[in-house]
Amino acid sequence: MLGRTQPTAPPRVATVVILDFGAQYSQLIARRVREAKVYSEILPHDAPWSTIAGREPAAIILTGGPESTLAPGALGVDPEVFGSGIPLLGICYGMQLIARDLGGELVAARHREFGPATIQLEAPSGLFAGVAPTTRAWMSHGDTVLAPPRGFATLARTTNGVIAAFGNDERRIYGVQFHPEVAHTAAGTRVIENFLHSVAGIEPSWKMESFVDRATDEIRMQVGDGKVICALSGGVDSAVAATLVAHAIGSQLTCLFVDTGLLRAHEGDTVVAAFRDVLHLNVIRIDARERFVQQLTGIVDPEEKRIRIGHEFITIFEEQARRLGDAQFLAQGTLYPDVIESKTPNSKAAHKIKSHHNVGGLPETMRLSLVEPLRLLFKDEVREVGRVLGLPAAIVERQPFPGPGLAVRILGAVTLQRLETVRAADKIVTDEIEAATLDARPWQYFAVLTPLQSVGVMGDGRTYADLVAVRAIASEDGMTADWARLPHDLLERISTRIVNEVAGVNRVAYDITSKPPATVEWE
């Protein structure tokens, strides 16, 4: 690549290390920190101090968790965390851990406090600067701090007298019993920003332009003069990853678009045209439809589907790498939620939700080394990177599509016929929602083919046919989501068209479940 200078190690950015105790909201804490324009990373709660110190943290946050700090073998942190002098914020379990390990008084409460509560400030503190004396907060805890450690002041209590926050301004260590990261806490964003900017003194300088520059340098350092192949799925993640890698190494990159047969209607032609004609990337299209369907024959377990799909992708990529002159690297559009939900070593205290085909679905041994420049970003951050790189809105705003494709939108066995059924239903859902006049288009919308059949009447005759579910959600990043309140006349058109136009379907249901407790996809 002409004019490229010798890459040097990119400068460190101010980083907040989040130590995870298996909290439901760990990812949300990371997002709130980044929304305050500060970079954050999640590490397991028992990360050794050498690992934590290696991140050069400007601040540390201890998350909540489902366990009790008073239970035998309760999760803890490296003792150096408390003696490091680095600003520290404990949330829920994290606050209780500070109390337990620094000499406070802690008891198991008879009744767990869960839901909204009113807290009242008792002492001035930079942590609560600009917060109303009485405010609403979200609680979710079983243990209760009766007295803070020596040298710590009680900063807030609930209306029933429970300590809601304590802190030591000199040591810059604070604990809050409530969850400032959730929307139900009225001043939560202000508390997090106060901790980051006022207490820890971190400048709000994290932005996507800086990320692009840093990621470009890191890709060049990792790859050197090596050849890279990039897996294109057609989604925004792989599009941004491919463009970012191409931005870094130019002609050393070859993109592979694998037509798995698990794609939406006409998607293969659309994707290849977009990447070749709009992004001007070197793209090879591989017809692997028969291979993937054969791999999925008779498989009904969703985890097994994802693993088989992941393994088949890698087999194809390694075959292509040899044909291209022994490429050494595989670039992927892996995101932070993929890593978190797949339960990697960085999220080992949490429960695995599902194996993403490009993380938990990968084989244990691979000949290709992974290049994953988006691995620590959330979906909305990836879209912003795409805008910084100049990608057109048609690609950046494209609704998410799972890597395993329609295989995880078919509950039960995957067959050619069932693929055609869900593909036809999905196109109707997409066409109708995109043609509708809506205040805001849902973040994601699709059809799911269920294994259920029901009795119906069509043309004065009895039918016993499939049930198709429609899913449409509102979300910012896919980590949490609410069902989209689509107009009834729109839902009616979707239902009528699916029943009339898709053979073998006689009933349509609309999914009105949020995430959590559900996930976005049904499998």
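See the structure shown above.
These numbers were taken from a predicted model, which means no experiment stands behind them.

**Q** Would you mind showing me how to read the overall build of the protein here?
**A** If you tally the helices and strands in the protein, you get 15 helices and 18 strands. If one aligns the C-alpha atoms of the protein with their principal axes, the spans along those axes are about 75 × 70 × 45 Å. Taking the intrachain contacts of the protein between residues at least 6 apart in sequence as the baseline, contacts between residues at least 24 apart amount to 75%. Carbon and sulfur atoms make up 50% of the accessible area of the protein, which amounts to about 22300 Å² in all. Taking the 52 positively charged and 62 negatively charged side chains of the protein as two groups, their mean positions are separated by 1 Å.

**Q** Where do I start with the pattern of salt bridges in this structure?
**A** Under the counting rule described, the total for this entry stands at 30 salt bridges. Lys379 serves as the salt-bridge partner of Asp237, at 2.8 Å between the closest nitrogen and oxygen. On the criterion of sequence distance, the pair formed by Asp237 in helix H7 (residues 236–249) and Lys379 in helix H12 (residues 379–388) is long-range, its members being 142 residues apart. Here Asp237 matches Lys379 in class, with each residue buried. The shortest N-O distance in the salt bridge between Arg308 and Glu304 comes to 2.9 Å. Taken together, the residues Arg308 and Glu304, both in helix H10 (residues 302–323) and four residues apart, mark about one turn of the helix. Looking at Arg308, the relative accessible area reads 28%, which means it is partly exposed. For Glu304, a relative accessible area of 30% gives the class partly exposed. The network of salt bridges with common partners includes Glu432, Asp489, Arg493, Arg497 and Glu501.

**Q** What is the right way to look at the sheet that holds strand E13 (residues 329–331) in this model?
**A** Backbone hydrogen bonds are what pair the strands of a sheet, in a parallel or an antiparallel way. Taking strand neighbours across the sheet as the criterion, the five strands line up as E12-E11-E10-E13-E14 in an open arrangement whose pairing is parallel. Lying at the two open borders of the sheet, with one neighbouring strand each, are strand E12 (283–287) and strand E14 (369–371). Between one strand axis and the next, the sheet turns by 30° as a mean value, whatever way the strands run. Helix H6 (residues 208–223) contacts strand E10 (228–232), E13 and E14 of the sheet and is inclined by roughly 165° relative to E14. Across the sheet, H7 lies against E10, strand E11 (253–259), E13 and E14, angled at about 160° from E10, the strand it touches most.

**Q** What exactly am I supposed to notice about the pairing of strand E16 (residues 461–474) here?
**A** Looking down a regular strand, the side chains alternate between one sheet face and the other. Extensive coverage of E16 is indicated by the burial of ten of its 14 residues. Inspection of the sheet shows strand E15 (residues 444–458) paired to E16 by twelve bridges, in the antiparallel sense. Across the sheet, residue Leu449 finds its bridge partner in E16, namely Val468. Joining the antiparallel neighbours E15 and E16 is a turn of two residues, in which Gly459 adopts a positive phi near 60°. In the sheet, E16 pairs with strand E17 (residues 482–483) via two bridges, with the strands oriented antiparallel. Bridged to Ile473 within E17 is Trp483.

**Q** Even after reading the chapter, I still don't get the nonpolar core, so can you show me in this structure?
**A** Grouped burial of nonpolar side chains is what soluble globular proteins tend to show. Judged by nonpolar contacts, the single largest core of 86 residues is most densely connected at Phe211, Phe317, Leu374 and Ile498. Here the element with the most residues in this core is H7; it accounts for ten residues. The next biggest cluster of nonpolar side chains, apart from the first, holds 38 residues, and it includes Ile42, Leu155, Ala200 and Ile202.

**Q** For this particular structure, what's the right way to read empty space enclosed by the protein?
**A** To locate leftover empty space, one rolls a probe as large as a water molecule over the atoms. Counted according to the given criterion, the structure contains two cavities of 30 Å³ or more. Computed from the structure, the second largest cavity encloses a volume of approximately 40 Å³. Lining the second largest cavity are Ile119, Phe128, Val131, Thr135, Arg136, Ala137, Phe178, Thr185, Ala187, Gly188 and Val191. For the lining of the second largest cavity, the secondary-structure elements that each account for two or more residues are strand E6 (134–147) and helix H5 (188–199). Residue contributions to the lining of the second largest cavity peak at three residues, all from E6. Taken together, the residues that form the lining of the second largest cavity break down as seven nonpolar, three polar and one charged.

**Q** Sorry, what's going on with the packing of H7 against H12 here?
**A** Packed helix pairs are characterised by how far apart their axes lie and by the angle those axes make with each other. Where H7 contacts H12, the two axes come as close as 10 Å, and the packing angle between them is 45°. Here H7 is positioned oblique relative to H12, judged by the angle of their axes. The element H7 and its partner H12 pack so that their crossing is left-handed. Across from Val236, Asp237 and Val240 in H7, the residues of H12 making contact are Lys379, Val382, Arg383, Val385 and Gly386. A class-by-class count of the residues in the contact of H7 with H12 yields four nonpolar, one polar and three charged.

**Q** I keep staring at unusual backbone geometry and nothing clicks. Help me out?
**A** Phi is mostly negative for residues that are not glycine, and the peptide bonds are mostly trans. In this model, Lys515 is joined to Pro516 through a cis peptide bond whose omega is -15°. Mapped onto the fold, Pro516 is located in the segment after strand E18 (505–510). Cis geometry marks the peptide bond from Pro516 to Pro517, where omega comes out at 15°. Within the secondary structure, Pro517 is located in the segment after E18. Look at Arg172: it is not a glycine, yet its phi comes out positive at around 60°. With respect to the secondary-structure elements, Arg172 resides in the loop between strand E8 (163–168) and strand E9 (173–176). Taking relative accessible area as the criterion, Arg172 reaches 28% and is therefore assigned partly exposed.

**Q** Please explain helix H9 (residues 289–296) as it appears in this structure.
**A** Turn by turn, an α-helix covers 3.6 residues, leaving residues three or four places apart pointing in a common direction. Turning to H9, its buried residues number three or more, namely Phe292, Val293 and Leu296. With its buried residues spanning 95° around the axis, H9 presents them on a single face. The outward face of H9, more than 90 degrees from its buried face, is lined by the exposed residues Glu290 and Gln294. In this fold, the buried residues of H9 make contact with E11, H10 and helix H14 (416–435).

**Q** Help me understand the state of the cysteines in this model?
**A** Every disulfide links exactly two cysteines, by a covalent bond between their sulfur atoms. Under the definition given, this model contains zero disulfides. The thiol sulfur of Cys230 is not disulfide-bonded, and the nearest other cysteine sulfur, from Cys255, lies at 4.9 Å.

**Q** Whenever I open this one, the pairing of strand E2 (residues 39–44) confuses me. Can you help?
**A** The buried count for E2 comes to six of six residues, which makes it a mostly enclosed element. Where burial is concerned, the two faces of E2 agree: the one with Tyr39, Glu41 and Leu43 and the one with Ser40, Ile42 and Pro44 are both buried. When strand E1 (residues 15–20) meets E2, the two strands line up parallel, connected through six bridges. Across the sheet, Asp20 pairs through a bridge with Pro44, a residue of E2. Since E1 and E2 lie parallel, the crossover through helix H1 (residues 26–35) that links them has a hand, and here it is right-handed.

Parameters at a glance
Residues numbered from 1 in each chain as written. Predicted model: local features only at pLDDT ≥ 70, side-chain atom pairs only at ≥ 80, totals over all residues. Heavy atoms only, no water. Helix = DSSP H or I, 4+ residues; strand = E, 2+ residues; numbered from the N terminus. Contact = heavy atoms within 4.5 Å. Areas by Shrake-Rupley, 256 points an atom, 1.4 Å probe, with all protein chains shown as cover. Lys, Arg positive; Asp, Glu negative; His and termini not counted. Charge placed at Lys NZ, Arg CZ, Asp CG, Glu CD. Salt bridge = Lys/Arg side-chain N within 4 Å of Asp/Glu carboxyl O. Buried < 20%, exposed > 50% of the residue type's maximum accessible area, 1.4 Å probe, protein only. Pairing = 2+ DSSP bridges. Axes fitted to C-alpha atoms, helices over the stretch in contact; angles between N-to-C directions. Core = buried A, V, L, I, M, F, W, Y, C linked by side-chain atoms within 4.5 Å. 1 Å grid on protein atoms, 1.4 Å probe; cavity = no way out; pocket = protein on both sides within 12 Å on 5 of 7 lines; lining within 4 Å. Points joined across faces, edges and corners; volume = space filled by probe spheres on them. Nonpolar A, V, L, I, M, F, W, Y, C, P; charged D, E, K, R; others polar. Parallel < 35°, antiparallel > 145°, perpendicular 65-115°, else oblique. Left-handed = near helix turned anticlockwise from the far one by under 90°. Arc of directions from axis to C-beta. Disulfide = S-S within 2.5 Å. Right-handed = clockwise from strand over helix to strand, strands pointing away.

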